[in-house]
Amino acid sequence: MRSGEPVPTVLEGVAAAPGIAVGRARVLVPETLTIPERRLTPAEVPEEIARLQRAACSARERVQAIHHALAGVELADAIFRTQLLLLEDPQLLDGVARRIRDGGINAERALQDEGERMLAVFAAMPDPYLRERRSDLAVAVRELQMCLLGLESARIGPLTEPTVLIAVDLSPTEIAQLDRASVLAFATDAGGPASHAVILAHSLGLPAVVGLGRATALVHEGDLVLVDGGAGRLWVRPSPEVVRTHCQRAARERQRTNALLRLADLPAETRDGRPIVLRANLERADEVERLRDHGATGVGLFRTEFLYLNRDEPPGEEEQLQHYRAVLAGVKPQPATIRTVDLGGDKLLVAGQRRSEANPALGLRGVRLARGRSPLSTVQLRALLRASPAGRLRILLPLVTGVEEVVAARTHLADLRRELEAEGHRVADGIELGVVVETPAAVALIDRLAAETDFFSIGTNDLIQYTLAVDRDNEAVAYLYGAGHPAVLRVLRSAVEGARVADRPIGVCGEMAGDPLFTLVLIGLGVDELSMSAGSVARVKRILRATDWAEARSLLAELLALRTAAEIGDTLGREMRRRFPEEFESAAPVP
Ligand code: PEP
Ligand code: MG
């Protein structure tokens, strides 16, 4: 330990990817590369530029190899495509070549200077999209530097025994390169719950805790550590008793997961027979195959923006058509609910739509991008309509705040249908149009929106953010963000009651839908549908099937009578642990 201060036995961070792992710590402190400096004679310059080009080729090959190894892992495509683009980017390579030529300096020094200049330019950009690309640029520059220096790219090196990595931060590239046979889990000082690294850890099934603050300062190399990914805890030199109880719990969780998958074919209904449709959220069309194994009925939310990320041009009509057809056909005869593109806000924009906005969460995003029948919207709606005969299409509009946005979408769809039919394309009948209820305005106007809408889906991720005025991506105010806030419960009740009075089905597609802690709350509210990541369906179904509707309503009434989020959290946690002790044992307070 560097400071001599006592090591706490348990550090609390952000639960990033569930699972329990015990092992020796490998502490990674950021390694600084030593950059050699050499003056070149004019005659040496062409060979130095050729050496830079060869290194760029090798760096691209390395990135491609990792990309290839991660085929099928969620979001890996988007991450590595950006790094490849940067390694092909003439701005970077020409800039370095110019420095070699004009300054008569070696490629490593020139790359260091040009990389720093570009990183500073990116860092100063007001546009969150471009700022976010900074970490990809840093990875690309480092990879290129390693190739010039003739170094292996992995900073982690070979691991001789099963290891828990403790790092300041881990890039997606580093996670991708981990030897999964010897890395048991990781824990980092930095990071929020929605980072790319976390999404990759989830997809790879690697337990992870992020946002620990000072883990690298407090853990010694070789310390025994225990990662409890579901609870967001890192135990440092845990007692044999702590290890034993956690290992027993991990074994029980494994058994439960296997048993849960056997529930896949049972009906999703309460013990007293009230059906609640459990659907899956989807980010990529090729994941559609897996949904049925988990017991999901159709797709409740296909987030189409992942088709648009990290590329120079938005996907064209034909390309989108293939994706939508695959999703529709993959779940037929169940519906596929496809959300129109929700770029902007926290999501990255394609080139051409980049704008700098002081408050992106309140800016040009969601259905606002369709204003004036924008080409972005026209291309997507045409692709959706053309795909519609492949299955049962439901179209969902994000970030609606007014009736006119829904009316505009409806008339746009009607005009496009006529246009397509005149061109000889077939368009299915009975396509439903729905609204994501994710702004307080949509809740307040639910009766008016119902007149123009076939169904509603509550996007709790944003609804919580806009109700509580808490940025969903900001760690500093994360303590205020939560579905168990009394204002959130009241807003949800108002939305569900409004939809009920207007006789429109209403579901939930935000993260709250897949959190078993809130299953009774949502059943008690009377929602018709829950849509979540496929992996959560079985756990939610088990709780659903073991609950009476009246019981859920009375728990909700009890919670609605409380005054604060803390009171609600305590009561809900206690009640859920009492009813489902096995399910919630990992959420128990630190002993
Ligand atoms: C939501 O806001 O709850 C939602 C489902 O959408 P996203 O997380 O993509 O904003
Ligand atoms: Mg949203």
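In this report, the structure presented in the accompanying data block is examined. Treat the numbers as computed from the prediction; the structure is a model and nothing was measured.

Cut-offs used in this document
- Residues numbered from 1 in each chain as written.
- Chains lettered and ligands numbered in written order.
- Predicted model: local features only at pLDDT ≥ 70, side-chain atom pairs only at ≥ 80, totals over all residues.
- Heavy atoms only, no water.
- Helix = DSSP H or I, 4+ residues; strand = E, 2+ residues; numbered from the N terminus.
- Buried < 20%, exposed > 50% of the residue type's maximum accessible area, 1.4 Å probe, protein only.
- Contact = heavy atoms within 4.5 Å.
- Areas by Shrake-Rupley, 256 points an atom, 1.4 Å probe, with all protein chains shown as cover.
- Axes fitted to C-alpha atoms, helices over the stretch in contact; angles between N-to-C directions.
- Left-handed = near helix turned anticlockwise from the far one by under 90°.
- Nonpolar A, V, L, I, M, F, W, Y, C, P; charged D, E, K, R; others polar.
- Donors = N, O, S within 2.8 Å, 3.2 Å for Na, K, Ca; no water.
- Near = heavy atom within 4 Å.
- Polar contact = N/O pair within 3.5 Å; in protein donor to acceptor, adjacent residues only side chain to side chain.
- 1 Å grid on protein atoms, 1.4 Å probe; cavity = no way out; pocket = protein on both sides within 12 Å on 5 of 7 lines; lining within 4 Å.
- Sits in = over half its atoms within 2 Å of the grid points.
- Points joined across faces, edges and corners; volume = space filled by probe spheres on them.
- Parallel < 35°, antiparallel > 145°, perpendicular 65-115°, else oblique.
- Pairing = 2+ DSSP bridges.
- Expected span 1.5 Å × (residues − 1).
- Core = buried A, V, L, I, M, F, W, Y, C linked by side-chain atoms within 4.5 Å.
- Phe/Tyr/Trp six-rings, centres within 6.5 Å; stacked < 30°, edge-to-face > 60°.
- Lys NZ or Arg CZ within 6 Å of the ring centre and 35° of its normal.

## A closer look at the overall build of the protein chain
In step 1: Counting its secondary structure elements, the protein chain contains 20 helices and 16 strands.
In step 2: The 591 residues of the protein chain split such that 53% are buried.
In step 3: Taking as baseline every contact in the protein chain between residues at least 6 positions apart, the subset at least 24 positions apart corresponds to 70%.
In step 4: Accessible surface for the protein chain amounts to roughly 25,500 Å². Of this, 53% is attributable to carbon and sulfur atoms.

## Side note on the packing of helix H11 (residues 375-387) against helix H12 (residues 403-422)
In step 1: At their nearest, the axes of H11 and H12 sit 10 Å apart, and the two run at 60° to each other. Relative to H12, H11 is oriented so that their crossing is right-handed. Between H11 and H12, the contacting residues are Ser377, Thr378, Leu381, Arg382, Leu385 and Arg386 on the first element and His412, Leu413, Leu416, Arg417, Glu419 and Leu420 on the second.
In step 2: Its residues assigned to classes, the contact of H11 with H12 comprises five nonpolar, three polar and four charged.

## Considerations on unusual backbone geometry
In step 1: Residue Lys332 is joined to Pro333 through a cis peptide bond whose omega torsion reads 10°.
In step 2: Structurally, Pro333 is set in the loop between helix H10 (317-331) and strand E11 (335-339).
In step 3: Located in the positive-phi region is Ala469, a residue other than glycine, with phi close to 55°.
In step 4: Summarising the element assignment, Ala469 is placed in the loop between helix H15 (460-468) and helix H16 (486-501).
In step 5: The exposed category is assigned to Ala469, whose relative accessible area is 72%.

## A closer look at the coordination of the magnesium ion (ligand 2)
In step 1: For the magnesium ion (ligand 2), the protein coordination sphere consists of Glu438 (OE) and Asp462 (OD), at 2.1 Å. Remark: Asp462 occurs in helix H15 and Glu438 occurs in the loop between strand E13 (432-437) and helix H13 (440-444); sequence separation between them is 24 residues. The same class applies to Glu438 and to Asp462, which are both buried.

## Here's the deal with the site of ligand 1
In step 1: Lining the immediate surroundings of ligand 1 are 12 residues, of which Arg303, Arg339, Gly459, Asn461 and Arg472 lie closest.
In step 2: A distance of 2.8 Å is found between an oxygen atom of ligand 1 and a side-chain nitrogen or oxygen belonging to Arg303.
In step 3: In this structure, Gly459 approaches ligand 1 through a main-chain N or O atom, which is 3.4 Å from an oxygen atom.
In step 4: The protein chains hide 99% of the 290 Å² of surface that ligand 1 would expose on its own.
In step 5: Comparing atom positions with the cavity grids shows ligand 1 to sit within the largest cavity.
In step 6: Looking at the shell around ligand 1, the elements that each hand over two or more residues are strand E10 (299-303) and H15.
In step 7: Tallying contributions element by element places H15 first for the shell around ligand 1, with three residues.
In step 8: Its residues assigned to classes, the shell around ligand 1 comprises two nonpolar, four polar and six charged.

## Quick look at empty space enclosed by the protein
Which parts of space are left empty comes out when a probe the size of a water molecule is rolled across the atoms.
In step 1: Applying the stated criterion across every chain, the model contains one cavity of 30 Å³ or more.
In step 2: Looking at the largest cavity, its volume works out to about 80 Å³.
In step 3: Residue lining of the largest cavity: 14 residues in total, with Arg303, Arg339, Glu438, Asn461 and Asp462 positioned closest to the centre.
In step 4: Elements with a minimum of two residues in the lining of the largest cavity: E10 and H15.
In step 5: For the lining of the largest cavity, the leading source of residues is H15, giving three residues.
In step 6: Of the residues assigned to the lining of the largest cavity, the class counts are three nonpolar, four polar and seven charged.

## Digging into the packing of helix H3 (residues 90-103) against helix H4 (residues 107-123)
Each pair of packed helices gets described by two things: the angle between the helix axes and the distance between those axes.
In step 1: For the pair H3 and H4, interaxial distance at closest approach is 8 Å and the crossing angle is 130°. By the criterion of interaxial angle, the relationship of H3 to H4 is oblique. In the packing of H3 onto H4, the handedness of the crossing is right-handed. Between H3, through Gln91, Leu92, Gly95, Val96, Arg99 and Ile100, and H4, the contact on the second element is made entirely by Ala107, Ala110, Leu111, Asp113, Glu114, Arg117 and Met118.
In step 2: Broken down by class, the residue content of the contact of H3 with H4 amounts to seven nonpolar, two polar and four charged.

## A word on the sheet that holds strand E7 (residues 224-228)
In step 1: Spatial strand order, E1-E8-E7-E3-E4-E5-E6-E2: eight strands in an open sheet with mixed pairing. The sheet terminates laterally at strand E1 (10-12) and strand E2 (14-17), the two strands that pair on one side only. Here the average twist between neighbouring strands, direction ignored, is 30°.
In step 2: Note: strand E3 (residues 20-28) against strand E4 (residues 163-167), five bridges, orientation parallel. Each bridged residue has a counterpart across the sheet, and for Val27 the counterpart in E4 is Ile166.

## Observations regarding helix H20 (residues 565-579)
In step 1: Its 15 residues give H20 an end-to-end C-alpha distance of 21 Å, which sits within 8% of 21 Å, the value for a rise of 1.5 Å per residue.
In step 2: Of all the positions in H20, only Ile568, Thr571, Leu572, Gly573, Glu575 and Met576 are classed as buried.
In step 3: Where H20 is buried, its residues meet H16, helix H17 (519-525), helix H18 (537-545) and helix H19 (549-560).

## Observations regarding the environment of Pro267
In step 1: Checked against the element boundaries, Pro267 lands in the loop between helix H9 (240-261) and strand E9 (277-282).
In step 2: Put simply, Pro267 and Gly295 are 28 residues apart on the chain and 8.9 Å apart in space, counted from C-alpha to C-alpha.
In step 3: When sequence neighbours within four positions are dropped, the list of residues in contact with Pro267 reads Lys541 and Arg545.

## Observations regarding the nonpolar core
In step 1: Core analysis: the largest hydrophobic core is formed by 92 residues, its most contacted members being Leu278, Leu291, Val437, Phe456, Ile458, Val521 and Leu530.
In step 2: Take this core: its biggest share by element is seven residues, from H16.

## Some details on the pairing of strand E14 (residues 455-458)
In step 1: On E14, burial covers both faces: Phe455 and Ser457 on one face and Phe456 and Ile458 on the other are all buried.
In step 2: Relative to strand E15 (residues 506-508), E14 runs parallel, the two being bridged by three bridges. Bridge pairing in E15 links Ile458 to Val508.

## Some points on the packing of aromatic side chains
In step 1: Considering all chains together, one arrives at one aromatic pair under this definition.
In step 2: When the centroid spacing of 6.4 Å and the interplanar angle of 80° are considered together, the rings of Phe302 and Tyr324 count as edge-to-face. With Phe302 in strand E10 and Tyr324 in helix H10, the pair connects residues that are 22 residues apart, well separated along the chain.
In step 3: Overall, Phe302 belongs to the buried group, its relative accessible area being 0%.
In step 4: Positioned over the ring face of Trp549 is Arg274, at 3.8 Å from the centre of the ring.
In step 5: Above the face of the Phe455 ring, Arg394 is positioned so that its terminal group lies 4.2 Å from the ring centre.

Remember, this is a structural readout, not a statement about activity or role.
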